[in-house]
Amino acid sequence: MFYFGGLAVVLFILAIIWAALGVHGLFLGRMPGRWLQQQVRQPRVWGAGALLMLLSWNANSPSLLAVGIGLVALGHVIKPTR
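Residues numbered from 1 in each chain as written. Predicted model: local features only at pLDDT ≥ 70, side-chain atom pairs only at ≥ 80, totals over all residues. Heavy atoms only, no water.

## Some details on the overall build of the protein
- Counting its regular elements, the protein contains four helices and zero strands.
- Its C-alpha atoms give the protein principal-axis dimensions of about 50 × 30 × 20 Å.
- In the protein, buried positions account for 23% of the 82 residues.
- Counted over contacts in the protein with a minimum sequence separation of 6, partners at least 24 positions apart contribute 48%.
- For the protein, the computed accessible surface area is about 5,900 Å², with 71% contributed by carbon and sulfur atoms. (Helix = DSSP H or I, 4+ residues; strand = E, 2+ residues; numbered from the N terminus. Buried < 20%, exposed > 50% of the residue type's maximum accessible area, 1.4 Å probe, protein only. Contact = heavy atoms within 4.5 Å. Areas by Shrake-Rupley, 256 points an atom, 1.4 Å probe, with all protein chains shown as cover.)

Take a look at the structure:
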């Protein structure tokens, strides 16, 4: 038997981790950990997208979710300007 309360706790913890990564990328301009630093080329764009994805979940807005996913994808592919 699967408990939905446990699923809610797991989703809440994942949302907190996702928000922390988004804020870290947006405000500090770098990603924590070696793997994320290698994968994400534009951390500020990635962080903005991650926070928009969380905002869309709260506002029940699929358009914000699409923009957030797009920004996260752009954060992975846009080459740094330096």
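Still to come is the rest of the account.
## Description of the packing of helix 3 (residues 43-59) against helix 4 (residues 62-77)
- The contact between helix 3 and helix 4 brings their axes to 7 Å, and the two run at 160°. If you check the angle between helix 3 and helix 4, you find them roughly antiparallel. For the pair helix 3 and helix 4, the sense of crossing is left-handed. Side by side, helix 3 and helix 4 meet where V45, W46, A48, G49, A50, L52, M53, L55 and S56 of the first sit next to L64, L65, V67, G68, I69, L71, V72, L74, G75 and H76 of the second.
- Classifying every residue of the contact of helix 3 with helix 4 gives 14 nonpolar, five polar and no charged. (Axes fitted to C-alpha atoms, helices over the stretch in contact; angles between N-to-C directions. Parallel < 35°, antiparallel > 145°, perpendicular 65-115°, else oblique. Left-handed = near helix turned anticlockwise from the far one by under 90°. Nonpolar A, V, L, I, M, F, W, Y, C, P; charged D, E, K, R; others polar.)

## Re the packing of helix 1 (residues 4-28) against helix 3
- Where helix 1 contacts helix 3, the two axes come as close as 7 Å, and the packing angle between them is 145°. When you trace helix 1 past helix 3, the crossing you get is left-handed. Here helix 1 contributes L11, A15, W18, A19, L21, G22, V23, G25, L26, F27 and L28 to the contact with helix 3, which in turn contributes P43, R44, W46, G47, A48, A50, L51, M53, L54 and W57.
- Of the residues assigned to the contact of helix 1 with helix 3, the class counts are 17 nonpolar, three polar and one charged.

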